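Residue-level listing of the chains:
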Number of protein chains: 2
Amino acid sequence: MPERFARRIPAPTVVRLPLYQRVLNELAREAVATVSSAELAEACGVNAAKVRKDLSHFGSYGTRGTGYDVDYLLGQIQRELGIDRERAVVIAGMGHLGHALARSAGFVQSGFRIVGLFDVQPDTIGEVVAGLRVRHVSELPSVCRSEDAAIGVITTPGGAAQDVCDRMAEGGVSAILNFAPVVLTAPASVQVRDVDFSAELQVLAFYQAHPDAATGRPEAPARAGR
Amino acid sequence: MPERFARRIPAPTVVRLPLYQRVLNELAREAVATVSSAELAEACGVNAAKVRKDLSHFGSYGTRGTGYDVDYLLGQIQRELGIDRERAVVIAGMGHLGHALARSAGFVQSGFRIVGLFDVQPDTIGEVVAGLRVRHVSELPSVCRSEDAAIGVITTPGGAAQDVCDRMAEGGVSAILNFAPVVLTAPASVQVRDVDFSAELQVLAFYQAHPDAATGRPEAPARAGR
DNA sequence: GCATGTGAAGCAGTTCACAGCG
DNA sequence: CGCTGTGAACTGCTTCACATGC
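Conventions and cut-offs
Residues numbered from 1 in each chain as written. Chains lettered and ligands numbered in written order. Predicted model: local features only at pLDDT ≥ 70, side-chain atom pairs only at ≥ 80, totals over all residues. Heavy atoms only, no water. Buried < 20%, exposed > 50% of the residue type's maximum accessible area, 1.4 Å probe, protein only. Helix = DSSP H or I, 4+ residues; strand = E, 2+ residues; numbered from the N terminus. Arc of directions from axis to C-beta. Contact = heavy atoms within 4.5 Å. Polar contact = N/O pair within 3.5 Å; in protein donor to acceptor, adjacent residues only side chain to side chain. Near = heavy atom within 4 Å. Expected span 1.5 Å × (residues − 1). Axes fitted to C-alpha atoms, helices over the stretch in contact; angles between N-to-C directions. Left-handed = near helix turned anticlockwise from the far one by under 90°. Nonpolar A, V, L, I, M, F, W, Y, C, P; charged D, E, K, R; others polar. 1 Å grid on protein atoms, 1.4 Å probe; cavity = no way out; pocket = protein on both sides within 12 Å on 5 of 7 lines; lining within 4 Å. Points joined across faces, edges and corners; volume = space filled by probe spheres on them. Phe/Tyr/Trp six-rings, centres within 6.5 Å; stacked < 30°, edge-to-face > 60°. Pairing = 2+ DSSP bridges.

**What to know about helix 4 (residues 70–80) of chain A**
Residues of helix 4 of chain A that are buried include every one of Val70, Leu73, Leu74, Gln76, Ile77 and Glu80 of chain A, and no others. Down the axis of helix 4 of chain A, the buried set is contained in an arc of 165°. They therefore lie on one face. Where the residues of helix 4 of chain A are buried, they touch helix 1 (11–29), strand 1 (34–35), helix 2 (37–44), helix 3 (48–56) and strand 3 (67–69) of chain A together with helix 9 (197–209) of chain B. Two or three places before aspartate 71 of chain A, at the opening of helix 4 of chain A, aspartate 69 of chain A has a side-chain oxygen 3.2 Å from that residue's backbone nitrogen. Of the residues trailing helix 4 of chain A, glycine 82 of chain A is marked for its positive phi of about 70°.

What follows is the structure in structure tokens.
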């Protein structure tokens, strides 16, 4: 058992971990035994030195002159990501996006299990999606507690997002993935990540309008601070 | 017509522009006439100095002692984002996510018009979604050219993404929003932004597993880089 | 008086380059 | 000899603090 305390990991590094994990998974499936930082970097589209620095934050997993053992490295990264234990997730807002996420194979493969679907529309409640019955949002807090769900996904319209956020916090959720185009207010103990499709397109549009501003390759933008 | 050459805008600033745009839009709807950098910062969940610095990259739009004129500032930001002209978008991969995006109201409101939907499934082709008939991916390049679509969205399974990417490039697309969990290879002239839901959840899981690593407030989304 | 705009300071992540080790 | 791991240099964003101007 390696050391216990993770040193402060740079946020950009944390964001890249899932990428490494994904690529290593593929390599493992292809029965590749070892990778050098250069190869892994190539496959991830990042700089080799960055890969080594990132991995070094967790310890020395590589072998000099050889590279990294794919299976071992994969295991270490998954452990860092806390994928060893399955995590329960609830989704609020069963519109098209909510449906899409509920049925997403990627979530399950990544170690997440969806344990609750919620909405407020009378005609949506009761519907069965991905084997789960959609319930009214008022039941969200209790379900979070009974299912021990610590992660919530918000796919409601903007107007309903803050209310849902409050209910999630009430249910003990400590991490929220927010797709609603709204700035949420949540307790400091609740981690919020925002995803905004329109904003992504707008960024692309910006660089189209300002080709000179494009920095060759955008790359890992890091977190904008709050 | 203001000046022509945009100075090099920091990538983090570009990522925040859509956020400012959104918040300013709300303020405009509420008929708020002016905002100070502090108020705008509060509403966006960012630092006030950052707001001023960001805006200063585009010129001096504020009035000392008063703040910024909401309508004027909004107009300037939209102009910077190139929202003044509508942009045509094509979507490849009409699974649940593709459907969700095709019907997304947010895209239209943000100045994007969806002009083509594509898939390879025989039973999906021909279906009409959001007023558009789904066509076979082989038609993608020609439609991009005829509709002058410069932005493509990939919502296919991972295995089909690179092929679609190639076809988009062939069709003259210069910006791609990629939802497939794959590292795409595209010409340097094509800007790619990746969005990976599972990766977002994994990042949240990481911070749950390492509460000590949480940097106060991560904030606004960032893209895992290429 | 009050809020912007900005030089300067501070800080963080990236990249370099090489010592160290298999 | 090759590749990792890492100190050090570098680059760039963030934050500060205040002069400027309404």
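Picking up after the structure, the text goes on.
**Here's the deal with the protein's contact with DNA strand C**
Close to DNA strand C lie 25 residues; Lys50 of chain A together with Ser37, Arg52, Gly62 and Tyr68 of chain B are nearest. Near the protein, meaning within 4 Å, the atoms of DNA strand C are sugar or phosphate in a fraction of 67%, with bases accounting for the rest. Contact distances for DNA strand C include 2.9 Å between a base nitrogen and a side-chain N or O atom of arginine 52 of chain B. Note that a base oxygen of DNA strand C is positioned 3.0 Å from one of the side-chain N or O atoms of arginine 64 of chain B.

**Points about the side chain of serine 37 of chain B**
Residues and elements named next belong to chain B. Relative to the assigned elements, serine 37 resides in helix 2 (residues 37–44). Judged by its relative accessible area of 9%, serine 37 is buried. Residues within four places of serine 37 in sequence aside, it is in contact with Ala48, Val51, Arg52 and Tyr68.

**Notes on helix 8 (residues 158–170) of chain A**
Residues and elements named next belong to chain A. Between its terminal C-alpha atoms helix 8 stretches 19 Å, which fits the 18 Å expected from 13 residues at 1.5 Å a residue. Here helix 8 has its buried residues at Ala161, Val164, Cys165 and Met168. Relative to the axis of helix 8, the buried residues are bounded by an arc of 110° and lie together on one face. Away from its buried face, by an angle of more than 90 degrees, helix 8 presents the exposed residues Gly159 and Glu170. Where helix 8 is buried, its residues contact strand 4 (87–92), helix 7 (140–147), strand 8 (151–154) and strand 9 (175–178). Positive backbone phi, at 90°, marks glycine 172, one or two positions downstream of helix 8.

**What to know about the packing of helix 7 (residues 140–147) of chain B against helix 8 (residues 158–170) of chain B**
Residues and elements named next belong to chain B. Two elements in contact, helix 7 and helix 8, have axes separated by 8 Å at closest approach and are oriented at 35°. Two packed elements cross with a definite hand, and for helix 7 against helix 8 that hand is right-handed. Across the interface between the two elements, Leu140, Pro141 and Arg145 from helix 7 touch Val164, Arg167, Met168 and Glu170 from helix 8. For the contact of helix 7 with helix 8, the class distribution of residues is four nonpolar, no polar and three charged.

**Comments concerning the layout of surface pockets**
One number sums up the size of the second largest pocket: a volume of about 1100 Å³. If you go around the second largest pocket, you meet 42 residues; those closest to its centre are Thr156, Pro157, Gly158 and Pro181 of chain A together with Gly106 of chain B. Among the secondary structure elements, those contributing two or more residues to the lining of the second largest pocket are helix 5 (96–103), strand 5 (112–119), helix 8 and helix 9 (197–209) of chain A together with helix 1 (11–29), helix 5 (96–103) and helix 6 (105–109) of chain B. When residues of the lining of the second largest pocket are assigned to their parent elements, the largest contribution, six residues, is made by helix 1 of chain B. Residues of the lining of the second largest pocket, tallied by class, amount to 20 nonpolar, 15 polar and seven charged.

**Some thoughts on the protein's contact with DNA strand D**
Inspection of the region around DNA strand D gives 26 residues, with Ser37, Arg52 and Tyr68 of chain A together with Arg16 and Arg64 of chain B positioned closest. Counting only the atoms of DNA strand D that lie within 4 Å of the protein, the sugar and phosphate share comes to 65%. Within the backbone of serine 37 of chain A, a nitrogen or oxygen atom sits 2.6 Å from a phosphate oxygen of DNA strand D. Tyrosine 68 of chain A places a polar side-chain atom, nitrogen or oxygen, 2.7 Å from a phosphate oxygen of DNA strand D. Counting only elements with at least two residues in the surface near DNA strand D, the list comes to helix 3, strand 2 (62–63) and strand 3 of chain A together with helix 1 and helix 3 (48–56) of chain B. Among the elements that line the surface near DNA strand D, the one with the most residues is helix 3 of chain B, at four residues.

**Brief notes about the packing of aromatic side chains**
One pass over the structure, following the stated rule, counts nine aromatic pairs over all chains. On the basis of an interplanar angle of 85° and a centroid distance of 5.4 Å, the ring pair of phenylalanine 206 of chain A and tyrosine 207 of chain A is categorised as edge-to-face. Neither residue differs from the other here; phenylalanine 206 of chain A and tyrosine 207 of chain A are each classed as buried. Put simply, the rings of Phe179 and Phe197 of chain A together with Phe179 and Phe197 of chain B pair up and form one aromatic cluster.

**Section: the sheet that holds strand 3 (residues 67–69) of chain B**
Residues and elements named next belong to chain B. In spatial order, the strands read 1-3-2; together these three strands make up an open sheet with antiparallel pairing. The open sheet is flanked by strand 1 (34–35) and strand 2 (62–63), the only strands paired with a single partner. Pairing between strand 1 and strand 3: two bridges, direction antiparallel. Residue pairing for strand 3: threonine 34 is matched across the bridge by aspartate 69.

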